[in-house]
Amino acid sequence: MGTVTLNRILHVRPPEHSTAPVLFSDDSFSLRGRVALVSGAAHGIGRCIALSLAQHGADVMVNYAHPSLESETICDTIRSFGAKARPVLGDVGNPAVCSLMIEEIMEEFGQIDILINNAGIRRDAPFHRMNHRQWDDVLATNLNGAFNLTRAVINPMRQREHGRIVFITEQVTRFAGPGQANLAASKAALVGFARSIAEENAACGITVNCVCPGFIETRRMHRLSPTEREKITARIPSGRFGRPEEVAHLIEFLVSDRAGYITGQEYNIDGGLNIT
């Protein structure tokens, strides 16, 4: 089918002196001028997300719960990209800390455009042996932490009529994870939380989505024995573990202008694990 015929069917009028419509502007993937906060960004997937956003031009606030050399190193790397970086020490499970964190960012930068709720902990135990502390700690960080940060940024985003919020979930919400009832509960709740606030804030130019990584090469995966890795790999259609940067690439898109019409969704990035 010729271009003229196709354009007539679609009622598309190509620009004058142009042989093809321009689908994207040159800067539609740029995050220059945006301010991002990534929780749990000192290492692993969070670290890679923070670096990726900075490479695309965003100024990045690096949140971490405990002082470490890693957090300082990542900020130095971000600055080497020409972006601004600021380490933000704080327990996301504490609502007062989160409010103060956002106030300081707003005072210094005047805006917050992107929130990546990545911070998460594990306190694995068989449920019949799981105590209240193990349950409460996981829910406090994984679920309440996401609530605390999101609640602190939502009004500034609504006022500016722009925002991108991403929650990092877990495959344990789909596949049984022995000893991980607390983790599964916290991450499954995030999906419902995200969908609800996505609907409430869509008309305000705010998108809210979830990203669910599969088996990704992080420090936790490095603790597995060769036999355990082999068994897991055999279940993955792609035949390998994912890389943190592959998760970051998906998030780059979701927080860009190109994804402005995508909200309330959960994306698996797992090498096809959910196919099986």
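All values reported here derive from a predicted model rather than from experimental measurement.

Conventions used here
Residues numbered from 1 in each chain as written. Predicted model: local features only at pLDDT ≥ 70, side-chain atom pairs only at ≥ 80, totals over all residues. Heavy atoms only, no water. Helix = DSSP H or I, 4+ residues; strand = E, 2+ residues; numbered from the N terminus. Buried < 20%, exposed > 50% of the residue type's maximum accessible area, 1.4 Å probe, protein only. Contact = heavy atoms within 4.5 Å. Pairing = 2+ DSSP bridges. Right-handed = clockwise from strand over helix to strand, strands pointing away.

A. Structural view of the overall build of the chain. Along the chain, the regular secondary structure elements total 9 helices and 7 strands. Sorting the 276 residues of the chain into buried and exposed places 46% on the buried side. In the chain, once contacts between residues fewer than 6 apart in sequence are set aside, the share between residues at least 24 apart is 73%.

B. Main features of the environment of N268. You can see N268 is positioned in strand β7 (residues 266–269). In this structure the C-alpha to C-alpha distance between N268 and C212, which are 56 residues apart in sequence, comes to 4.7 Å. With residues up to four places along the chain from it excluded, the contact list for N268 reads Q171, R174, C212 and N274.

C. Quick peek at the pairing of strand β5 (residues 163–168). Of all the 6 residues making up β5, 6 are buried; the element is thus mostly covered by neighbouring parts of the structure. Pairing of strand β4 (residues 114–117) with β5, which is carried by 4 bridges, proceeds in the parallel orientation. The partner of I114 across the bridge, within β5, is R164. After leaving β4, the chain enters helix α5 (residues 132–160) and then returns to the sheet as β5, a path that is right-handed. Inspection of the sheet shows β5 paired to strand β6 (residues 206–213) by 6 bridges, in the parallel sense. Of the residues in β6, the one forming a bridge with I165 is V208. Following the chain from β5 across helix α6 (residues 181–201) to the adjacent parallel β6, one finds a crossover that is right-handed.

Worth remembering: the numbers are spatial, not functional.
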